[in-house]
Amino acid sequence: MAASSEKYDIVIVGAGPVGLLLSVCLARWGYKIKNIDNREVPTLTGRADGIQPRSLHLLRNMDLKRPIMAHQPAKVYEVAFWDPQSGGKGIHRTGNWAACPKFIDARYPFTTLLHQGLIERVFIDDLHKNGADVQRPWTITGFNNDGQDKTYPIEVNLKHMRTDEKEIVRAKYLFSGEGARSFIRDQLGVKIRHKDPISHVWGVMDGVVRTDFPDVKMKCTIHSDHGSIMIIPRENNMVRLYIQIASSTDKDFDPRKQATPEDVQASAKKILQPYYIEWDMVEWYSVYPIGQGIAENYTIDHRVFLGGDCCHTHSPKAGQGMNTAFHDALNLAWKIHHVEAGFANRSILQSYEAERKHIAEELLDFDAKYAALFSQRVPSAGEVGAASEDNIDGAANEFVKVFKSSQEFTSGYGIFYGPNEFNWSSDHSAQSHLFNPKGNTVRVGRIMPPANVTRVVDANEVQLEQEIPLNGSFRIFLFAGSPSKTQRAVADFATNLQKKKSFYSTFAREDIASVSYHERHNPHSYFFSICTTFASPRDRIDISKMLPPILARYSDHVYADDVWDPKVPDAKAAAHAKLGLDADKGGVVVVRPDGHVGCVVTLVAGSGTVDALNDYFGAFVSKPIGNGKPQAQL
């Protein structure tokens, strides 16, 4: 066996969505990673295919949206509901509903659909640009957190799938992105708990079809006298069909039951009557059992972590598997980064399981209900009411009601992290009265609402929440209100930022004297970026006169809140209004590196605002800041 030699910051097993996104983040931030996968080549066809609105928002923040869209994916703006007509006349459309309704304030109000392999290739290309590649076909054969090396405590045993060549490496962290059959999870002894005892066997088929079914280019949920099916449009004129083949509620249920492509096609033809459907080509076909399961733990020692499908399994109906995996990876990535960069205490890694497992629990609760309704007795035509945005409270069937009520969650915009060391909502134990100012509507723990503003230096209208890329920094949004009213408060904010014991000064860059003039995002600290937005027209903002030097240094991140927004049509400063901040007094919003709001603080003259931020960051950073007293935390 090969001697232990190479050392890595992290070994990532699996090059699916969760493993690749984790690899991309950490490779970009300068970490030495090893990503292995037991497949000879990346995914060629099939598997996951839906990118939800919030995930596309994330990919835009990573500058990966453009290469994704270059593959010309299908975009679903509406979902159509089809149900049986009386008298055996086949199916008819009973309504339609926006894929991402207007009440969800989304940048991209649609689901993007293309096969997983194309998405993987975008990540793999980005990895290569940052000096990392997936090692194939390799697998893990063992690991041990033996502690023999305090810096790299985990020994990892690897093997080439074809040649049996062996390799032993050491790592600070080990991550399983292996999917439902995780070797690492099994070796840790982590059990899967099944939230719902009912399981199903599904068939899925991707292909090019000829049909007179009018909604083949939209997402459709179809109930008929002959069964139920879901249609998903795809790139390159393809269509995906999901069909349930068996359920554990069947008298003769067999979890290994199979069906041929021809069986599924025959069922689809019956279900779609009176319309016809024929296949020109089948690109991918699979049959697999699915149940609602969740791992009891996402980690045991906060050195070996699990994510993606090895933590949570559910039906494919709501398109959540890959999207949930993305955010597992993102949540863990920035926390590992902050620990290893010396910014945060190692204890923050405990919040990965706490935050992400809660989201998975919510997903599985929804999925169990949704899958059961999809598979239950077909409603009669008389039971089905209209499903449309014009009939929000109409007499829709239960399936449609569940679909509607869950859309904020399934779009990704309803993901909510509860109070903890990072999320100081009104339920947090923080003592300062400056947190969560009266009237603010920011939902701490959720992502910051989108807002368009005008960038002062070049008069470009930009998306404020997208202006800081995913670079591992906390984003500090200073809403500076009316310049004539907040001049003193803004000056005092800048003065107190520069105090020796402030959160900002404590984590200043060591190379600050030689930072490039053109550095836009992190001129003073790798852990903070500042955006200043005035409730004033652009032509009345003079950066050099209105901002102290420390804030003026972020000249590319100074904005005018002068863009009209239909969500707050009467507001004189829409970005302030959308967050419930007074257009005269402003406020400060701290956003975590993953885009979720951490806290909201009142902007006041004196040291109070920065004192409150010292309290916030003092709850988890690795050095004493502010007055050095123990900070409020959960």
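Since this is a predicted model, take the numbers as computed values, not measurements.

Secondary structure assignment for the protein yields 16 helices and 25 strands. Its C-alpha atoms put the protein at 75 × 70 × 40 Å along the principal axes. Counting all 634 residues of the protein, 60% fall into the buried class. Within the protein, contacts between residues at least 6 apart in sequence are counted, and of these 72% link residues at least 24 apart. In the form shown here, the protein has an accessible surface area of approximately 25,500 Å², with 47% of it arising from carbon and sulfur atoms. For the protein, the centre of its 72 positive side-chain charges and the centre of its 74 negative side-chain charges are spaced 3 Å apart.

A complete count under the given rule lists five cavities of 30 Å³ or more for this structure. If you add up the space inside the largest cavity, you get close to 150 Å³. Taken together, 16 residues line the largest cavity, and the ones lying closest to its centre are Arg-54, His-57, Glu-465, Arg-475 and Gly-595. Those elements that provide at least two residues to the lining of the largest cavity are α2 (53–61) and β21 (474–481).

Before going further, it helps to spend a moment on the pattern of salt bridges. Between side chains of opposite charge, a pair can form as their charged atoms come close. Tallied over the entire structure, the rule returns 38 salt bridges. The residue Asp-215 makes a salt bridge to Arg-93 at a minimum N-O spacing of 2.8 Å. Placement of the pair is Asp-215 in the loop between β12 (192–211) and β13 (219–224) and Arg-93 in strand β6 (residues 91–98), with a sequence separation of 122 residues. A residue is classified by how much of its surface remains accessible, and Asp-215, at 6% relative accessible area, is buried. Arg-93 gets classed as partly exposed once you look at its relative accessible area, which sits at 40%. Measuring nitrogen to oxygen at the nearest pair gives 3.5 Å for the salt bridge that ties Arg-520 to Asp-556. Residue Arg-520 is found in the loop between α12 (503–506) and β22 (528–534), and its partner Asp-556 is found in the loop between α14 (549–552) and β23 (558–560); the two are separated by 36 residues along the sequence. By relative accessible area, which is 26% here, Asp-556 ends up partly exposed. If you follow the salt bridges from partner to partner, you end up with Asp-9, Lys-172, Glu-340 and Arg-346 in one network.

For the rest of this paragraph, the subject is helix α4 (residues 116–129). For α4, spanning 14 residues, the distance from its first C-alpha to its last is 20 Å, which sits close to the expected 20 Å at 1.5 Å a residue. Counted residue by residue, α4 has ten buried out of 14 residues, so it is predominantly covered. Taken together, the buried positions of α4 are occupied by Gln-116, Gly-117, Leu-118, Ile-119, Glu-120, Val-122, Phe-123, Ile-124, Asp-126 and Leu-127. After α4 finishes, the residue Gly-131 shows a positive phi value of roughly 75°.

In terms of residue burial, β21 counts as a mostly covered element, since eight of its eight residues are buried. Because side chains alternate across β21, one face comprises the buried residues Phe-474, Ile-476, Leu-478 and Ala-480, and the other comprises Arg-475, Phe-477, Phe-479 and Gly-481, equally buried. Sheet analysis places β21 next to β22, joined by seven bridges and oriented parallel. Residue pairing for β22: Phe-479 is matched across the bridge by Thr-533. Pairing of β21 with strand β24 (residues 587–591) involves five bridges; the strand directions are antiparallel. Residue Phe-479 lies in a different strand from β24, and its bridge partner there is Gly-587.

On to the pairing of β13, then. For β13, a buried count of six out of six residues is recorded, marking the element as mostly surrounded by other parts of the structure. Going residue by residue along β13, you find Lys-219, Thr-221 and His-223 tucked away on one face and Cys-220, Ile-222 and Ser-224 tucked away on the opposite face as well. With four bridges joining them, strand β5 (residues 78–84) and β13 adopt parallel strand pairing. Counted as the bridge partner of Val-79 is Lys-219 from β13. In terms of strand pairing, β13 meets strand β14 (residues 227–233) through five bridges, oriented antiparallel.

Here the focus is the UniProt feature "domain: Phenol hydroxylase-like C-terminal dimerisation" (unreviewed entry) in the protein. Mapped onto this numbering, the UniProt entry gives "domain: Phenol hydroxylase-like C-terminal dimerisation" (unreviewed entry) at residues 416–623. End C-alpha to end C-alpha, residues 416–623 measures 28 Å, and it is 21% helix and 17% strand.

This part is about the sheet that holds strand β7 (residues 111–113). One open sheet accounts for three strands, arranged β3-β7-β4; its pairing is antiparallel. Across the chains shown, the open sheet's two edge strands, defined by having one partner strand only, are β3 (50–51) and β4 (74–76).

By the largest-angle criterion, Ala-489 marks the main kink of helix α11 (residues 483–497), which is about 30°. Within the sequence span of α11, burial applies to Thr-486, Ala-489, Val-490, Asp-492, Phe-493, Ala-494, Asn-496 and Leu-497. Considering only its buried residues, α11 is in contact with β21, α12, β22, α14, β24 and α16 (608–618).

One open sheet accounts for seven strands, arranged β20-β19-β23-β22-β21-β24-β25; its pairing is mixed. In this open sheet, the two strands that pair with only one neighbour each are β20 (461–463) and β25 (597–601). Sheet twist, expressed as the average angle between the axes of neighbouring strands with direction ignored, equals 30°. Against the sheet, α11 makes contact with β21, β22 and β24, and its axis sits at roughly 150° relative to β21, the strand it touches most.

Right, let's get into the packing of aromatic side chains. Counted by the stated rule, this structure contains 30 aromatic pairs. Judged by centre distance (4.7 Å) and plane angle (55°), the ring pair of Phe-422 and Phe-620 falls under tilted. Remark: Phe-620 occurs in the segment after α16 and Phe-422 occurs in the loop between α10 (407–411) and β19 (452–455); sequence separation between them is 198 residues. Grouping residues by exposure puts Phe-422 and Phe-620 together as buried. Positioned above the aromatic ring of Phe-110, the side-chain terminus of Lys-75 is 5.3 Å from the ring centre. Over the aromatic face of Tyr-173 sits the side chain of Arg-303, whose NZ or CZ is 5.2 Å from the ring centroid.

Let's shift gears to the side chain of Glu-361. Inspection of the secondary structure puts Glu-361 in helix α8 (residues 350–375). Residue classification places Glu-361 among the buried residues on the basis of a relative accessible area of 18%. Here Arg-193 takes part through its side chain, which lies 2.8 Å from a polar atom of the side chain of Glu-361. Apart from residues no more than four positions distant in its own chain, Glu-361 is found in contact with Arg-193, Lys-195 and Ile-294.

Attention now goes to the side chain of Asp-565. Inspection of the secondary structure puts Asp-565 in the loop between β23 and α15 (574–578). What makes Asp-565 buried here is its relative accessible area of 11%. Here the side chain of Asp-565 touches Lys-578 through a polar contact of 3.1 Å, side chain to side chain. Beyond its immediate stretch of four places on either side in the chain, Asp-565 contacts Ala-574 and Lys-578.

Rules used throughout
- Residues numbered from 1 in each chain as written.
- Predicted model: local features only at pLDDT ≥ 70, side-chain atom pairs only at ≥ 80, totals over all residues.
- Heavy atoms only, no water.
- Helix = DSSP H or I, 4+ residues; strand = E, 2+ residues; numbered from the N terminus.
- Buried < 20%, exposed > 50% of the residue type's maximum accessible area, 1.4 Å probe, protein only.
- Contact = heavy atoms within 4.5 Å.
- Areas by Shrake-Rupley, 256 points an atom, 1.4 Å probe, with all protein chains shown as cover.
- Lys, Arg positive; Asp, Glu negative; His and termini not counted.
- Charge placed at Lys NZ, Arg CZ, Asp CG, Glu CD.
- 1 Å grid on protein atoms, 1.4 Å probe; cavity = no way out; pocket = protein on both sides within 12 Å on 5 of 7 lines; lining within 4 Å.
- Points joined across faces, edges and corners; volume = space filled by probe spheres on them.
- Salt bridge = Lys/Arg side-chain N within 4 Å of Asp/Glu carboxyl O.
- Expected span 1.5 Å × (residues − 1).
- Pairing = 2+ DSSP bridges.
- UniProt positions renumbered as here; feature names shortened; annotations may be inferred.
- Bend = angle between axes of the 7 residues up to and from the residue.
- Axes fitted to C-alpha atoms, helices over the stretch in contact; angles between N-to-C directions.
- Phe/Tyr/Trp six-rings, centres within 6.5 Å; stacked < 30°, edge-to-face > 60°.
- Lys NZ or Arg CZ within 6 Å of the ring centre and 35° of its normal.
- Polar contact = N/O pair within 3.5 Å; in protein donor to acceptor, adjacent residues only side chain to side chain.

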